[in-house]
Amino acid sequence: MMRNYKMLLVFSVAAGLLYGCNKDEVKDVPTNAPTEQNTNQQAGENVTDQVPFNFIEFSLDVDYSATESYEVEYENKKNGIEAKLEDDRNNEKIQGDEAYTKLEPLFKQLTFDSTTSNDEVIDQVIKVFNITDDYQSIEVEVEFADGTEKEFKRLK
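An account of the accompanying structure is given in this report. The structure displayed is predicted, hence computed values, not measured ones. (Residues numbered from 1 in each chain as written. Predicted model: local features only at pLDDT ≥ 70, side-chain atom pairs only at ≥ 80, totals over all residues. Heavy atoms only, no water.)

**Some details on the overall build of the protein**
For step 1, the next point in the chain: Counting its secondary structure elements, the protein contains three helices and six strands.
For step 2, the next point in the chain: Starting at the N terminus and ending at the C terminus, the protein contains elements arranged as α-β-β-β-β-α-α-β-β.
For step 3, the next point in the chain: Taking all contacts inside the protein whose residues are at least 6 apart in sequence as the whole, residues at least 24 apart take part in 49%. (Helix = DSSP H or I, 4+ residues; strand = E, 2+ residues; numbered from the N terminus. Contact = heavy atoms within 4.5 Å.)

**Looking at the packing of aromatic side chains**
For step 1, the next point in the chain: Taken as a whole, this structure holds 14 aromatic pairs when the rule is applied.
For step 2, the next point in the chain: Taking 5.3 Å as the distance between ring centres and 35° as the angle between the ring planes, the aromatic pair formed by phenylalanine 55 and phenylalanine 58 counts as tilted. For the pair shown, phenylalanine 55 and phenylalanine 58 are each scored as buried.
For step 3, the next point in the chain: Judged by centre distance (6.1 Å) and plane angle (90°), the rings of phenylalanine 112 and phenylalanine 144 are edge-to-face. In this pair, phenylalanine 112 is assigned in the loop between helix H2 (96-109) and helix H3 (118-128) and phenylalanine 144 in strand E5 (residues 137-144), connecting sequence segments 32 residues apart.
For step 4, the next point in the chain: A network of ring pairs unites the aromatic residues Phe53, Phe55, Phe58, Tyr70, Tyr74, Tyr100, Phe107 and Phe129 as a single cluster.
For step 5, the next point in the chain: In this structure, arginine 89 is placed above the aromatic ring of tyrosine 64, and the distance from its NZ or CZ to the ring centre is 3.7 Å.
For step 6, the next point in the chain: We note lysine 156 situated over the ring of tyrosine 135; from NZ or CZ to the ring centre the distance is 4.5 Å. (Phe/Tyr/Trp six-rings, centres within 6.5 Å; stacked < 30°, edge-to-face > 60°. Buried < 20%, exposed > 50% of the residue type's maximum accessible area, 1.4 Å probe, protein only. Lys NZ or Arg CZ within 6 Å of the ring centre and 35° of its normal.)

Everything listed here is a matter of geometry and, on its own, says nothing about what the molecule does.
Below, the structure written as structure tokens:
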């Protein structure tokens, strides 16, 4: 019995260490940025999702040319927040805490929801992320806090 307990403990620690090796994971989450909460409700409890933005996943891909792009990836799931930003034009590739710190003030400016039109979403993203007018295509994929998933595109 004691041997089984020790093996379980060893496997638990190893799994935790392996899980913690994700470079995109945000480790220094501000206290005012709660992660998605479990929505299973017990009788009499009022449990709601607490997310810092109106979405739990956000993906932005702006293509300027075959070799230049601007990409943002953000996920806020039960197991933590992941963030990544790659900007070929400014030779910037950041992830984790550094990416989240840069993206958080931009995300706070996004006010669209699942009912906002394609053009309004793209216009807002262009403005907030300061996308220059020489792009070839913009694609935004979002999973909203209510579970709705949407894709918004604009080609030139």
